[in-house]
Protein chains: 2
Amino acid sequence: MHGYHLVPKKEVRQRVARLQEALREHRIEASLWIQKMDVFYLTGTLQRSYLFVPANGDPLHLIKKDFSRGARESGIDRKVPIRSRKEIPAAIREHYGKLPATLGLEGDVLPFQEWQVMAEMFSNSRLMDVSPLLLRQRSVKSPYEIAIMEKAGRVGRQVYEHGRKILKEGMTEIAFAGEMMAKAFALGHEGLLRMRSLNDESYCWHILSGASGGIVSYINAPMGGLGLSPAFPVGASRKAIRRHEPIMVDFGICLQGYQIDETRMFCVGALPKRYWDLYRSIVRIHHAILGATRPGVRGRDLFEMGLEVAEKERISDIYLGPPGNKVSFVGHGIGLEINDLPFIAKRDETPLKEGMTFALEPKLVLEGEAAIGIEDTVVVTRDGVRRLTPLRQTVFHAAGH
Amino acid sequence: MHGYHLVPKKEVRQRVARLQEALREHRIEASLWIQKMDVFYLTGTLQRSYLFVPANGDPLHLIKKDFSRGARESGIDRKVPIRSRKEIPAAIREHYGKLPATLGLEGDVLPFQEWQVMAEMFSNSRLMDVSPLLLRQRSVKSPYEIAIMEKAGRVGRQVYEHGRKILKEGMTEIAFAGEMMAKAFALGHEGLLRMRSLNDESYCWHILSGASGGIVSYINAPMGGLGLSPAFPVGASRKAIRRHEPIMVDFGICLQGYQIDETRMFCVGALPKRYWDLYRSIVRIHHAILGATRPGVRGRDLFEMGLEVAEKERISDIYLGPPGNKVSFVGHGIGLEINDLPFIAKRDETPLKEGMTFALEPKLVLEGEAAIGIEDTVVVTRDGVRRLTPLRQTVFHAAGH
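Just so it is clear, the structure is predicted and the values come from calculations on it, not from any experiment.

Peer 1: I keep staring at helix α10 (residues 299-312) of chain B and nothing clicks. Help me out?
Peer 2: One full turn of an α-helix is made of 3.6 residues, so residues set three or four places apart face in the same direction. Here α10 of chain B spans 20 Å end to end across 14 residues, near enough to the 20 Å set by a 1.5 Å rise per residue. Where α10 of chain B is buried, its residues contact α9 (273-292), β12 (329-333) and β13 (340-345) of chain B.

Here it is as structure tokens:
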């Protein structure tokens, strides 16, 4: 109904089975999942619920609100309604005969108070953090997940082509962002980008024209932009877009919970040669890294390759941030959260695997002047990489100028 | 520059002084603030930083990224750059000569792991949760804060009037939402609504036409709507808007971090008499509650008054949700977070105070058919209440129909 697609039951079953393998491998008797994207990944619903996954045996889905909707959407067989989390231990005892000796929880995101409540409810269980297990699992996407991300990539292409058509000199960055948002919404974009973090928050309208691109902010990115106020000090601002300015358009799309991220340079009128040259350099870094991506390569290898090409291109001083304020990553995993694993970063030692998806975003910051960059979301294949963002790799010139 | 307004230093000073009074009253030696909206409230910046507030003496602002931007925006006098949170204890020792014996942290939102790191860094301090102190303080707004919310209310009015002009039969809810979003962005809306919660997330496009209004979802609201997918199962959907359907438009606005929330009914063509009658009933509840609001009255008194008027209007069965699935609140505090205190709810015993702001939203759910309601954001005055959302209290009919 109305393009509201459920997650296939088979998909949910495979995800739970993979998690159970990891639990057995780590000798953890059971896990309880509470955070919304973890629960969505493992059940297929965002309705308020808890998922109990033992290392062996069937999982139990405890649904608080809305039960009927959650029961319809969940791919888990055993579903019980609960009115409050206090009923969880009794429900587990009823279905499994006992409470687990070791219980995994999401230590990276569960608030301290929530953890304390769980510690009281499971006072005879040894609690441990199992988020890393699921995050590693989630980093490798299934064909079903990749197909959704490709669909999001096609929506992104339409949104960017629309942006090119409506971009005009004198528009503010935020008004331009709003027009792209309207188009994205009309195409089914879910509006929010999700990030696993207490203090970071994601947004789709990272649109920085001219000098805005040269402004650093709190986010872990080479540039943050001015934003609208100290309470939202990132992304599009009220600055008017002028002719010949490089405009960095970094606008993510979310469909069925899955995100893609991409960046292209826009310009009203001709882009000055100096910026074109920098753009070509950054594209060379982009392609060098993508050309070297394959299973077994580590995030840090790709990160270092980027630094090397930047040096050859003689742009090291402005690569990944202004001097003294550089970030130590050039790409990030993406999927249900915009900071999924893997991290294409200085310190990431994990070898890439087939099915991993990440956004690669080499960027340059000319402090106080502009940002130049490119970004695509890709999936690691058997012997290389495939782009999920089919957008033309070029500078987008405003139509009618 | 570009309408980017800093928080006045005087405002920050008063906020810190009020918090220090509360710390002394509760005999807590010091507090460390980490969560973004708490830090923004107490410093004036969202740049990545930590604020140490002793019960006596000057606060210390430890700024990680971006230091120069944070230092410029912060209203705190003592500012030091840090590269990592590990440097916090040493910085406190350097400025105060010792670490505090009791230290308050945000137990409701700090992730378990983060709390553990703090417990190790302050291994000789007794840690306690001080979020309730600041949340109570934040519930009472200053004239400066109220003025920003009024400005957001005026933006909301323009967005709703624009919505009336562009609404057409056959538009999908989400496309209509996108057009309102574009207008809101052009007027400076900061795009995100913020909610203090692990699993709840806020969004501005709660636009439900006809049957969508009769659908319950996971959120703590009388109705959730269908949404776009099980991964975003709330708010506007791909359902096309039809003539004579009641359309609930609940679209929040955020300016300089401060939010307002409001709801009006829209319709393409004439609204059938049955819905008009229900709308008039709900407006009577709205005005009865607002008429009784003044300092000293408790949230639960207002909630109960709503139930009583609903009974007189013979709409108890559909008031605040369908039978068996009703919410136990009729309004919520609002400000930097959309679940600020006070809660106009069954169990809220706290007497209202002058300067408190809340959104009042009595709503009806006709299961499988429609939602009817109204919502305004108000501030409690010396002897009553003042509306911050100047929107006409009527049904908005699509222009040109």
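Peer 1: Help me out: how do you make sense of the sheet that holds strand β11 (residues 263-267) of chain A in this one?
Peer 2: Backbone hydrogen bonds are what pair the strands of a sheet, in a parallel or an antiparallel way. Residue and element names in this part refer to chain A. Spatial strand order, β7-β8-β11-β19: four strands in an open sheet with mixed pairing. Strand pairing shows two members of the sheet lacking a second neighbour, β7 (206-209) and β19 (396-397), which therefore form its edges. Where β11 and β19 come together, two bridges link them in parallel fashion. Looking at the pairing, F266 lines up with F396 of β19.

Peer 1: What exactly am I supposed to notice about the nonpolar core here?
Peer 2: The nonpolar side chains of soluble globular proteins are, as a tendency, buried together. Core analysis: the biggest nonpolar cluster contains 258 residues, and M181 and L364 of chain A together with M181 and L364 of chain B have the highest contact counts within it. Once residues within four sequence positions are removed from consideration, L364 of chain B is found in contact with L278, I282, I315, I318, Y319, A371, I372 and G373 of chain B.

Peer 1: Explanation requested: the pairing of strand β6 (residues 126-129) of chain A in the structure shown.
Peer 2: Each regular strand displays side chains that alternate between the two surfaces of the sheet. Residues and elements named next belong to chain A. In this sheet, β6 lies alongside strand β5 (residues 102-105) in parallel orientation, the contact comprising four bridges. Paired with T102 across the two strands is R126, which belongs to β6. The β-α-β motif built from β5, the intervening helix α5 (residues 112-121) and the parallel element β6 has right-handed crossover chirality.

Peer 1: Looking at this model, I keep getting lost on unusual backbone geometry. Mind explaining?
Peer 2: Most of the time, phi is negative for any residue but glycine, and the peptide bond is trans. With an omega dihedral of -5°, the bond running from K65 of chain A to D66 of chain A counts as a cis peptide bond. Along the polypeptide, D66 of chain A turns up in the loop between β3 (60-65) and α3 (67-73). Residue L341 of chain A is joined to P342 of chain A through a cis peptide bond whose omega torsion reads -5°. Of note, P342 of chain A is situated in strand β13 (residues 340-345). A positive phi is found at L320 of chain A, a non-glycine position, where the angle reads about 60°. Position of L320 of chain A relative to the elements: it lies in the loop between α10 (299-312) and β12 (329-333). Positive phi values are uncommon outside glycine, yet R314 of chain B reaches one of about 60°. The residue R314 of chain B is located in the loop between α10 and β12 in this model. For R314 of chain B, a count of 9 C-beta atoms within 10 Å gives the class exposed.

Peer 1: Please explain the interface of chain B and chain A as it appears in this structure.
Peer 2: Of the residues lining the interface, 61 residues belong to chain B; the matching set on chain A comes to 61 residues. Sorting the residues of the side of chain B that touches chain A by element identifies α2 (36-43), α3 (67-73), α5 (112-121) and α8 (173-186) of chain B as the ones contributing at least two each.

Peer 1: Mind showing me how you'd approach the relation of the copies chain B and chain A here?
Peer 2: Each of the two copies of the chain can be brought onto the other by a rotation about an axis and a shift along it. Its rotation angle being 180°, the transformation that places chain B on chain A also includes 0.0 Å of axial translation and leaves an RMSD of 0.0 Å. Interpreted geometrically, this transformation is the action of a two-fold axis. A shared binding surface is used by both copies, with 100% of the interface residues of chain B retained as interface residues in chain A.

Peer 1: How do you make sense of the packing of helix α1 (residues 9-25) of chain B against helix α6 (residues 131-139) of chain B when you look at a structure like this?
Peer 2: Each pair of packed helices can be described by the angle between their axes along with the distance between the axes. Residue and element names in this part refer to chain B. As a packed pair, α1 and α6 sit with axes 10 Å apart at the nearest point and diverge in direction by 135°. In terms of their interaxial angle, α1 and α6 are classed as oblique. Taken as a pair, α1 and α6 cross one another with a handedness that is right-handed. Contacts between α1 and α6 involve R18, L19 and A22 on the former and, on the latter, L133, L134 and Q137. A class-by-class count of the residues in the contact of α1 with α6 yields four nonpolar, one polar and one charged.

Peer 1: Hey, could you run me through the confidence of the model for chain A in this one?
Peer 2: Where the model shows low pLDDT, its predicted coordinates should not be examined in detail. Mean pLDDT over chain A stands at 97; residues scoring 70 or higher make up 100%. The ipTM for the predicted assembly is 0.97, set against a pTM of 0.98.

Peer 1: Sorry, what's going on with the environment of Y279 of chain B here?
Peer 2: All names here are of chain B. As for its placement among the helices and strands, Y279 is situated in helix α9. Judged by the 21 C-beta atoms lying within 10 Å of it, Y279 is buried. The spacing of Y279 and A147 is 132 residues in sequence and 30 Å in space, taken between C-alpha atoms. Not counting residues up to four positions away in its chain, the partners in contact with Y279 are M265, I372 and V395.

Peer 1: Hey, could you run me through the sheet that holds strand β4 (residues 78-81) of chain B in this one?
Peer 2: Residues and elements named next belong to chain B. Taken in spatial order, the six strands of this open sheet run β4-β3-β2-β1-β5-β6, and their pairing is mixed. In this open sheet, the two strands that pair with only one neighbour each are β4 and β6 (126-129). Between one strand axis and the next, the sheet turns through 25° on average, direction left out of account. By the bridge criterion, four bridges tie strand β1 (residues 30-33) to strand β2 (residues 48-54) in an arrangement that is antiparallel. Within the sheet, the bridge partner assigned to W33 lies in β2 and is L51.

Peer 1: Explain the domain arrangement of chain A here, please?
Peer 2: Residue and element names in this part refer to chain A. Once the domains are mapped, chain A shows domain 1 (9-138) and domain 2 (140-397). Residue-level contacts link ten residues of domain 1 with eleven residues of domain 2. Per-element accounting of the side of domain 1 that touches domain 2 gives the leading share, four residues, to helix α6 (residues 131-139). Partitioning the side of domain 1 that touches domain 2 into residue classes produces five nonpolar, two polar and three charged.

Definitions and cut-offs
- Residues numbered from 1 in each chain as written.
- Chains lettered and ligands numbered in written order.
- Predicted model: local features only at pLDDT ≥ 70, side-chain atom pairs only at ≥ 80, totals over all residues.
- Helix = DSSP H or I, 4+ residues; strand = E, 2+ residues; numbered from the N terminus.
- Expected span 1.5 Å × (residues − 1).
- Contact = placed C-beta atoms within 7 Å.
- Pairing = 2+ DSSP bridges.
- Core = buried A, V, L, I, M, F, W, Y, C linked by C-beta atoms within 7 Å.
- Buried ≥ 20, exposed ≤ 12 C-beta atoms within 10 Å, placed from the backbone.
- Right-handed = clockwise from strand over helix to strand, strands pointing away.
- Least-squares fit on C-alpha atoms with pLDDT ≥ 70 in both.
- Axes fitted to C-alpha atoms, helices over the stretch in contact; angles between N-to-C directions.
- Parallel < 35°, antiparallel > 145°, perpendicular 65-115°, else oblique.
- Left-handed = near helix turned anticlockwise from the far one by under 90°.
- Nonpolar A, V, L, I, M, F, W, Y, C, P; charged D, E, K, R; others polar.
- pLDDT = per-residue confidence, 0-100.
- Domains from an automatic or database assignment.

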